[in-house]
Structures are given as structure tokens and as C-alpha cells.
Amino acid sequence: MGYEWDFGVVLRDFDLLLWGLVNTLKVTGLSLLFGVPLGLFLALWRLYGGRLIRVPVGVLIEFLRTTPPIAQLFWFFFAMPILLGIEIDPFQASVLTFSLQSSAFFAEVFRGGIVSIDNGQWEAAKAIGMDRNASLRRIILPQAVKRMVPAFLERAIELMKTTTLVGTISYADLLYEANNIAQSTYRSLEVFSLAAGMYFVVIFACSMGVRRLERHLGRTGETTTG
Amino acid sequence: MVEILKIEGLNKSFGDLTVLDGIDLSVNKGETIVVIGASGSGKSTMLRCVNFMEIPSGGRITLNGSAIGTASNGSVTYSEKELTGLRARVGMVFQHFNLFPHMTVKQNVMEGPKTVLKCSAVECSRRADKYLEKVGLGWKADSFPSQLSGGQQQRVAIARALAMEPEIMLFDEATSALDPELVGEVLLTMKELADEGMTMLIVTHELGFAYTVADRVLFLANGKILEQGDPESVLINPQQDATKNFLRGHGSFRLPEPNLD
């Protein structure tokens, strides 16, 4: 097996890969920016909304979680213009799909975090006269979010990897560019190794950063006894 | 005599289970009332109905002359806003302290004045210092709850309730979760409050404390006040068989006065 590696021809197009990475980060970043707050609202509606809100929100979350992301992506890209007459470009379709898709997962992370907080915390907040909003904002969420950090990171990494699907609607992300270069240079092995390495560097750096953040948060007191 | 709290015909059921069955009670300003009774007698539920942690199934609660809730057609309805406002006027201390673990001791005490009463930063800080000093924990202001002993945590919880400058304080088995050697410091703090004239309603199993501190002792059984009076008459000369049995159970094993000199 005397394969001769040759990165030279691939590195000539490295700037294309970098632009692809920037696009990947754009879709991932914006989807997080919209998906996390939307996830919080979905979680709160599912937990505390009246029946008329709780049930449809639950259905929406389950639907987004159980259908393949690629089907959602196609749906928004092709169905929006047909059904609603709204033209959207691949970038918009990607951000829309992954914001919604990840919000469903973040909703479940938020919900898990919120219900994991001891009921005594709600009671203590209530007893000093806080209403539910104040209790959530000041007492429950700060503790829940701290516990949710690892699950958040997990979801964010998952999201970044899932965004590789955007190439299927011709959005030029890192994998899409890699594919193009592979086809023009016939150096698939080199170019995909390089692309994988770039995903690794970004994701690994993020996960190290989050781990440090976690250690920092962990230094403030965790639970009361009893 | 200023009446702070009036409970009339208080009922509470959970499904088919009747926990409180017609409680009437009047509490005067500065009075310390200790509620005793077997577990399941309804004493905690009674306390929790006073600040509406549990919504009464029937009856009326009046705090400082104003009846809580809106009565119509023989039932009383409560708005969330009214109850939130009421809870700000009633302090409560829990068995399990329930301090906010993500906040320092001082932040715990300031939280109510800051978020609920919207006090200025200066006023919040002043209150926190004052009440932490009162429970003897000013020196722990910057610690986190997890760095304190159980007794210290409970004293912080007392300071947190006091910082709201409540009209009445409720203690729900405040020492039951503590190691025996830590019970004393919390009871002493409570006694100081009673001596300073705080109006207190206390559920406890510490009969010695009840005897020393209470102005009035209530014995609850099956959701009713079975016997009440000064500590001497309820704890030493009980009239009801149920009270006698309860006290007999508590006194099964007793130390003679230990010689501690």
C-alpha cells in the first residue's frame, strides 16, 4: 500500500477551506444564538404553559427531535417558497432549520436542568415573596444553567457536526468546499483529512474552553446540605 | 393586645384526606406560640397555610386586620399577586434551610429586600449586615452556604427571613434536620427573637424549648387543636389522653439532670 500523500495541491486551496470553515461557524453560531433562547422559551412553555400551549409545544419539540435534520433542511428550503411564497437562500434555510432543530434539543436540556433543582429552592424563593418569574430568573435558572453546561456543550458540538448537511442545498460550508476541492484535485484523502482536522481543532478548543468555564463555576458553592 | 394573625375555621384536604379540620387561632403581637403533635397531625400544614405555601380548602386567614382573599358564595379565592404580597410580610424558616447555594451568605439575606421589596443597594446591604449580625454570622457574610455547618446555615436562613422585616415568623421544624450538637445554637437564636418581641409560630419537637420559650402551646391531633394553654398546663399537666400519650412517648428515655460543672 504505497500511497503517496501530497498535501501541496490541497494546501493551494486552503483559503477555500478557511472560508468554508467561516461559513460553518456562521451557521453554527447563528443557530446557537437563536436556538438557545428559543429553547428556553419552549422549555418554559412546555413546563408552565396552560394546556393549550403545553401540548402543541410538546408536539413541536418531539417532532423536531425525531425527524431527520436533512429532511427538515429540505423542507424549509423547498417548501417555504412553494407554500408560503417566501424565497429563502441556502444560508437562511440553514440558519432557520438548525435554529429550530437545536432549539428543540436545548428545550429538553433546559427542562431537565430546571426540574433537577430541588423543590425547596422554589419554596424558599416563594416564602420571601418572589413570584414565579423572579424565582426562575434569580434562583432556579442560575443553578440550572450551571448544571446544564456539559449538556449544552454536547448539543453545540452535535449541532456543528450536523451543519455539514448544508452542503446538500449548496451552502458552501467547510465540508462542501472540501468536497469541491476533492473533485478537482483527486486528492480526497488529503483534503478530507485536512477538513476533519479543522473540525477537530475548533471543536476541541471550544470544549477545552467550556471545561475551564465549568471548573470556574464549580468553585462557587454547589448544594446545601439536607 | 394587638391581634396580628387570626385563623378562622381553617380546613385543608389533599384529595380525600382531611389534614386540617376547623382550626381557630388568634395570635397577638409579640406572642410566641409553639405547635406540637405527632407527625401527620397537621401542624406543618397549618403553618404552611398561614403564608399560603398551601392554599387552604376552607376558612379565613387575617393578617394585621386585613382578611386575605376574596370571599364569594361561601368560598374564598386568592389572587397570585395578593399571595405574593402576603408572603413578603410573613417570614418562614424551613426544616432543610433551603439557602440559595449559588449566592454568598450576604447575597442570600439581601435577595428578598433587593428583588421583592426593591430596596436600594445601601438599604439591602444595611439589612443584611444587621440581621447577619443578629444571628451572629456577620463574619461569614462572604462565604457560600456549602461552607457552613447546618446550624450556621439555618441561622442564615433565619436572617434571610428577618431581612424582610416580617410581621410574623413561622418556623417549620427548624431544628429537625440538624445534628444534635447544632440544635442549641439555632434554638438560642430563636429564643433571642422571642425575647425581643417577635411574633412567632413554631412547629417543633423540642419540648424543652417549647416549655422555656412559648407563651402558649398548642397540641394538634387529627387536624384539630386538641389542647392549648401555657406551657405548664399543656406540657406538665395535660388534660387530654392524646396529649398524655404524646408526652409519654417523648419522655420514654430521659436523663436525670447531667452534672456539667
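**Notes on the pairing of strand 9 (residues 168-172) of chain B**
Residues and elements named next belong to chain B. The buried fraction of strand 9 amounts to 5 of the 5 residues, a majority that puts the element mostly inside the structure. Pairing of strand 8 (residues 90-93) with strand 9 involves 4 bridges; the strand directions are parallel. Counterpart to Met92 in the pairing with strand 9 is Leu170. In the sheet, strand 9 pairs with strand 10 (residues 200-203) via 4 bridges, with the strands oriented parallel. Each bridged residue has a counterpart across the sheet, and for Phe171 the counterpart in strand 10 is Ile202.

**A short note on the domain arrangement of chain B**
Residue and element names in this part refer to chain B. The domain architecture assigned to chain B consists of domain 1 (1-89 + 168-251) and domain 2 (95-165). For domain 1 versus domain 2, the separation of C-alpha centres amounts to 24 Å. Residue-level contacts link 18 residues of domain 1 with 16 residues of domain 2. When the buried area of domain 1 at its contact with domain 2 is split by residue, Ala88, Glu185 and Thr189 rank highest and sum to 29% of it. Where domain 1 meets domain 2, there are 2 salt bridges.

**Details of the side chain of Glu31 of chain B**
All names here are of chain B. Position of Glu31 among the secondary structure elements: in the loop between strand 2 (17-28) and strand 3 (32-36). Residue classification places Glu31 among the buried residues on the basis of a relative accessible area of 13%. From its side chain, Glu31 meets the backbone nitrogen of Asn28 in a polar contact 2.9 Å long. Discounting chain neighbours no more than four positions away, the residues touching Glu31 are Ser26, Met198, Thr199, Met200, Asp215 and Arg216.

**A word on the packing of aromatic side chains**
Residue and element names in this part refer to chain A. In the structure shown here, the tally under the stated rule is 13 aromatic pairs over all chains. A ring pair is formed by Tyr48 and Trp122, whose centres lie 6.1 Å apart and whose planes are at 70 degrees; its orientation type is edge-to-face. One end of the pair, Tyr48, is in helix 2 (residues 14-48); the other, Trp122, is in helix 6 (residues 119-127), and 74 residues separate them in sequence. Exposure remark for Tyr48: the relative accessible area of 26% places this residue in the partly exposed category. With relative accessibility at 17%, the residue Trp122 sits in the buried group. Taking 5.3 Å as the distance between ring centres and 40 degrees as the angle between the ring planes, the aromatic pair formed by Phe106 and Phe152 counts as tilted. One end of the pair, Phe106, is in helix 5 (residues 90-115); the other, Phe152, is in helix 7 (residues 132-162), with 46 residues separating them in the sequence. Phe152 carries the same exposure label as Phe106, and that label is buried. Through pairs of rings, three or more aromatic residues link up here, namely Tyr3, Trp5 and Phe7. The aromatic ring of Phe91 is capped on one face by Lys26, whose charged end is 5.3 Å from the ring centroid.

Conventions we followed
- Residues numbered from 1 in each chain as written.
- Chains lettered and ligands numbered in written order.
- Predicted model: local features only at pLDDT ≥ 70, side-chain atom pairs only at ≥ 80, totals over all residues.
- Heavy atoms only, no water.
- Buried < 20%, exposed > 50% of the residue type's maximum accessible area, 1.4 Å probe, protein only.
- Helix = DSSP H or I, 4+ residues; strand = E, 2+ residues; numbered from the N terminus.
- Pairing = 2+ DSSP bridges.
- Domains from an automatic or database assignment.
- Contact = heavy atoms within 4.5 Å.
- Buried area = accessible area lost by both parts, 1.4 Å probe.
- Salt bridge = Lys/Arg side-chain N within 4 Å of Asp/Glu carboxyl O.
- Polar contact = N/O pair within 3.5 Å; in protein donor to acceptor, adjacent residues only side chain to side chain.
- Phe/Tyr/Trp six-rings, centres within 6.5 Å; stacked < 30°, edge-to-face > 60°.
- Lys NZ or Arg CZ within 6 Å of the ring centre and 35° of its normal.

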